[in-house]
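Examination of the molecular architecture
Next come the chains, spelled out residue by residue.
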Amino acid sequence: MCASAKYNTRGPALIPRMKTKHRIYYITLFSIVLLGLIATGMFQFWPHSIESSSDWTVEKRSVHDVPVVKLPADSPIPERGDLSCRMHTCFDVYRCGFNPKNKIKVYIYSLKKYVDEYGTSVSNTISREYNELLTAISDSEFYTDDVNRACLFVPSVDVLNQNALRIKETAQALAQLSRWDRGTNHLLFNMLPGGPPDYNTALDVPRDRALLAGGGFSTWTYRQGYDVSIPVYSPLSGEVDLPERGPGPRRYFILSSQMALHPEYRSELEALQAENGESVLILDKCTNLSDGVPAVRKRCHKNQVFDYPQVLQESTFCVVLRGARLGQAVLSDVLQAGCVPVIIADSYILPFSEVLDWKRASIVIPEEKMPEMYSILQSVPQRQIEEMQRQARWFWEAYFRSMKAIALAALQIINDRIYPYAAISYEEWNDPPAVKWSSVSNPLFLPLIPPQSQGFTAIVLTYDRVESLFRVITEVSKVPSLSKLLVVWNNQNKNPPEGKTPWWFKCPECTAIDGLSLDQTHMVERSECINKFASVFGTMPLKVVEHRADPVLYKDDFPEKLKSFPNIGSL
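To keep things clear, this report deals only with the structure shown in the data block. (Residues numbered from 1 in each chain as written. Predicted model: local features only at pLDDT ≥ 70, side-chain atom pairs only at ≥ 80, totals over all residues. Heavy atoms only, no water.)

Take the state of the cysteines next. In the structure shown here, the tally under the stated rule is four disulfides. Each disulfide pairs two cysteine sulfurs, and for Cys 96 the partner residue is Cys 151, the sulfurs being separated by 1.9 Å. Taken together, the residues span a long stretch of sequence, with Cys 96 in the loop between α2 (87-90) and β2 (106-108) and Cys 151 in the loop between α3 (128-138) and β4 (152-154) at a distance of 55 residues. Its relative accessible area of 1% is what places Cys 151 among the buried residues. The partner cysteine of Cys 318 in its disulfide is Cys 339, sulfur to sulfur 2.1 Å. Of note, the bridge from Cys 318 to Cys 339 carries an S-S torsion of about 105° and is right-handed in sense. (Disulfide = S-S within 2.5 Å. Helix = DSSP H or I, 4+ residues; strand = E, 2+ residues; numbered from the N terminus. Buried < 20%, exposed > 50% of the residue type's maximum accessible area, 1.4 Å probe, protein only.)

The subject of this paragraph is a nonpolar patch on the surface. On the surface, a cluster of nonpolar side chains totalling about 430 Å² of accessible area is made up of Tyr 25, Tyr 26, Leu 29 and Val 33. If you trace the backbone, Tyr 26 turns up in helix α1 (residues 2-45). Overall, Tyr 26 belongs to the exposed group, its relative accessible area being 52%. (Patch = residues over 30% accessible without salt bridge, like charges linked within 9 Å, V, L, I, M, F, W, Y side chains within 5 Å. Areas by Shrake-Rupley, 256 points an atom, 1.4 Å probe, with all protein chains shown as cover. Salt bridge = Lys/Arg side-chain N within 4 Å of Asp/Glu carboxyl O.)

Scanning the model with the defined rule gives 13 aromatic pairs in all. Consider the rings of Tyr 109 and Phe 153, whose centres lie 6.2 Å apart with planes at 35°: the pair is tilted. In this pair, Tyr 109 is assigned in the loop between β2 and β3 (113-115) and Phe 153 in strand β4, connecting sequence segments 44 residues apart. Phe 153 matches Tyr 109 in its accessibility class, with the two residues each being buried. Centre to centre, the rings of Trp 394 and Tyr 399 are 6.4 Å apart; their planes meet at 75°, and the pair counts as edge-to-face. Tyr 399 shares its class with Trp 394; the two are buried. Aromatic rings pair up to connect Phe 352, Trp 358, Trp 394, Phe 395, Tyr 399, Phe 400 and Trp 429 into one cluster. The ring of Tyr 308 has Arg 299 sitting right over it, with the charged end atom 3.9 Å from the ring centre. (Phe/Tyr/Trp six-rings, centres within 6.5 Å; stacked < 30°, edge-to-face > 60°. Lys NZ or Arg CZ within 6 Å of the ring centre and 35° of its normal.)

So, about the side chain of Asp 227. Residue placement: Asp 227 occurs in the loop between β6 (211-214) and β7 (228-229). Here the side chain of Asp 227 touches Leu 212 through a polar contact of 3.1 Å, landing on its backbone nitrogen. There is a polar contact of 2.8 Å between the side chain of Asp 227 and the side chain of Arg 223. Residues in contact with Asp 227, not counting those within four places in the same chain, are Leu 211, Leu 212, Phe 217, Thr 221, Tyr 222, Glu 354 and Arg 417. (Polar contact = N/O pair within 3.5 Å; in protein donor to acceptor, adjacent residues only side chain to side chain. Contact = heavy atoms within 4.5 Å.)

Structure follows, in structure tokens:
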């Protein structure tokens, strides 16, 4: 019993000691793990010693207080821009890597002052516009201050305006960038390219493989799918509050507000004015303004003085002619005024044309057709004009109104190329918010201008079965690849059901028989119906498809001359 008592006395006494040792061990281990996690988190999220967004505030626009980099005369110069570059040949997509948010990461180089071998500054300041652009990027979800995580690199070297550049030295400064690598994955912004006397349509600074967001591309210099065409920013966008004006007829039919036009263009416009009277207004620079009145805010016609850009709201159509450069800031002013731009600049690549459907907001007329401009514009239906007026203002609000809007739209286009499965849709780029919602509630909505969106158009030929018609519409509208749905009402003796549908096309000659393919005249009638679509849209809106529900119609033994579109039913 004594032995047993001794064991029992020591036994209970040992258990608390073992618990204490284990407790100390686990507490120590947990503390080490916790400290490790805290240290890791601080390393990941603590600001690195790389420039932050505050480097591009207005107060820090000067480069006088930043590191100085001397460029020897024999510093390397990048090669000229490679016109063969495409995203799959000159862009390193592997730098972008997997990103759960499907957003590219953009790094902005820190500010530096570049001087030549004599100490003369290559660039004294960063322009206000470029400062706003860099600030917009650094405040966006695209920005990263970690150069190792970056997919795209934006230099702090301002090349917006080529007039202010020393071409050779600017190219040498670009080659000095730490991650330049022949310009791979670097993005340059330029709005005013070229210089006298040639005024090239792309930046003359040698840039090798760098992407160029340019404001004056022509079809000869634009690398489709690689460069980004951007607008020429108008300073008046930030200075003038121009309230939106509702669509509808206006005082003038055609207005031209550009100054220093080429004499041939001006003579063509004056001929239009002489022929059509007061419906055409041709404005020019004012020569009799009082001291202190900013000339950029006024336009004159003879002795009349007009406020600019307010006068643009008084016209239905506003002419945008090429000047020394293809890209013109007046395009932004015209869009802001809700005036439909009439663009006369052969080979000009319109801003953001990769994603924006300019047919919905503008009229493009070849330069040789200028004498016919008035009759061409008169043929545009009033309803279509009103749609274009709304669309023009929407384009300005979404993509033109600020350097921030321009920069983020350019980055989004590049982002969509890299992450195409998460790209913004045609409708998101082009439809104003009100149209987006109305198109959801109205599956029969048919704009006058055919969209360029991917997908198919479903055409439903119906006679009188209204209930089943709307069941079909409801089900077909659920198909993800559906672009538009069009109903053709085939009943001469009964009107289509009333609703908000803009257009119902009738086929008055179609016969109401069980099998249309049994009628030999059906192909003629169907071709006339399709020709009606082609005449309204100005082009053939239907495309060859891989499958149709009624392919037998197009396999019947009809004479080829009766088949206006013989390939429409190809399998």
